[in-house]
Amino acid sequence: VLFLLRRDLRDLAIPEDQTPSEGASAKAPVLTSGAIMIGFELLARVWTGENDPSQRQLADAFKEILSLDGPTAELMVKFRNAVAHGYQLEIHARNGKKYRFALGDHVGWGLWFDKRQEGTEIEYHINFWELRKRFLDSVAKVKTLLQNKAETERRKNFYKLLPYLKPYHMISGPESRKTVR
């Protein structure tokens, strides 16, 4: 699954081994950010060993994988919910609070859930390229941990999750079907 997501990310932005140059722009930053957040969720599933982790478990996994503080990890969950469930940059949480996000793709702006307030309106600014970088770094971190035989907890969690990671069937024409794992 991560292979497909990373391939799509490459196709919508730039190859993983390249850094964005000045003026670089993602073709579909909201769509691509949604894919990245789904990728973060997949990493959290591997991290926790839970196929359907709670919002709290997602935030805790984000905190550990990305070395974040609690509030930023919770904002990541809110952002994930906004783009993955509503394909939007705003979400009304169950606690009655409204979370608004602004997404930019200017190279060199390391915005990472930077809080901006105007009156009572609060908005969190995120840079697409920073989101992409942190995702790719997280993929590398989790992959390295899974390859480390001494890291038994994460490896057990991964194997516990394997039955839930179903193959995808890709169709390239009316007569073809290719299984991708």
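Every value quoted in this text rests on a predicted model; they were computed, and no experiment measured them. (Residues numbered from 1 in each chain as written. Predicted model: local features only at pLDDT ≥ 70, side-chain atom pairs only at ≥ 80, totals over all residues. Heavy atoms only, no water.)

A. Representation of the nonpolar core in the model. Grouped together as the largest cluster of nonpolar side chains are 46 residues, with contacts concentrated most on Phe 40, Phe 62, Met 76, Phe 101, Phe 113 and Phe 135. Those elements that provide at least two residues to this core are helix H1 (2-12), helix H2 (29-48), helix H3 (55-66), helix H4 (70-86), strand E2 (98-104), strand E3 (112-118), strand E4 (121-127) and helix H5 (128-147). The leading source of residues in this core is H5, at nine residues. Excluding residues that lie within four positions of it along the chain, Phe 40 makes contacts with Phe 62, Leu 66, Met 76, Leu 131, Arg 134, Phe 135 and Ser 138. (Core = buried A, V, L, I, M, F, W, Y, C linked by side-chain atoms within 4.5 Å. Buried < 20%, exposed > 50% of the residue type's maximum accessible area, 1.4 Å probe, protein only. Helix = DSSP H or I, 4+ residues; strand = E, 2+ residues; numbered from the N terminus. Contact = heavy atoms within 4.5 Å.)

B. Geometry of the packing of H2 against helix H6 (residues 152-161). Here H2 crosses H6 at 110°, and the two axes come no closer than 6 Å. On the basis of their axis angle, the class for H2 and H6 is roughly perpendicular. Counting all contacts with H2, which are made through Arg 45, Val 46, Trp 47 and Thr 48, the residues of H6 involved are Arg 154, Asn 157, Phe 158 and Leu 161. Residues belonging to the contact of H2 with H6 are distributed by class as follows: four nonpolar, two polar and two charged. (Axes fitted to C-alpha atoms, helices over the stretch in contact; angles between N-to-C directions. Parallel < 35°, antiparallel > 145°, perpendicular 65-115°, else oblique. Nonpolar A, V, L, I, M, F, W, Y, C, P; charged D, E, K, R; others polar.)

C. Looking closely at the pairing of E2. Here strand E1 (residues 90-92) pairs with E2 via three bridges, running antiparallel. Across the sheet, the residue bridging to His 92 is Lys 98, located in E2. Counted between consecutive antiparallel strands, the loop separating E1 from E2 contains five residues, among which Gly 96 sits at a positive phi close to 90°. Bridge analysis of E2 against E4 gives five bridges, and the strand direction is parallel. Residue pairing across strands places Leu 103 opposite Ile 126, the latter belonging to E4. (Pairing = 2+ DSSP bridges.)

D. Seen up close, the sheet that holds E1. Across the sheet, four strands lie side by side as E1-E2-E4-E3; this open sheet has mixed pairing. The sheet terminates laterally at E1 and E3, the two strands that pair on one side only. Taken over all neighbouring pairs, the strand axes of this sheet differ in orientation by 25° on average, direction set aside. Summarising the sheet, E3 and E4 pair through six bridges and their orientation is antiparallel. Within E4, the residue paired with Arg 116 across the bridge is Glu 123.

E. Region of interest: the packing of aromatic side chains. The final tally for this structure, using the stated rule, is nine aromatic pairs. Aromatic pair Phe 40 and Phe 62: ring centres 5.9 Å apart, planes at 65°, arrangement edge-to-face. Here the residue Phe 40 occupies a position in helix H2, and Phe 62 occupies one in helix H3, the gap between them amounting to 22 residues. This pair shows no difference in class: Phe 40 is buried, exactly as Phe 62 is. Taking 4.9 Å as the distance between ring centres and 75° as the angle between the ring planes, the aromatic pair formed by Phe 128 and Trp 129 counts as edge-to-face. With relative accessibility at 0%, the residue Phe 128 sits in the buried group. What links up through ring pairs into an aromatic cluster is the set Phe 79, Phe 101, Trp 112, Phe 113 and Tyr 124. Positioned over the ring face of Trp 112 is Arg 134, at 4.1 Å from the centre of the ring. Across from the ring centre of Trp 47, 4.0 Å away, lies the NZ or CZ of Arg 154, which sits over that ring. (Phe/Tyr/Trp six-rings, centres within 6.5 Å; stacked < 30°, edge-to-face > 60°. Lys NZ or Arg CZ within 6 Å of the ring centre and 35° of its normal.)

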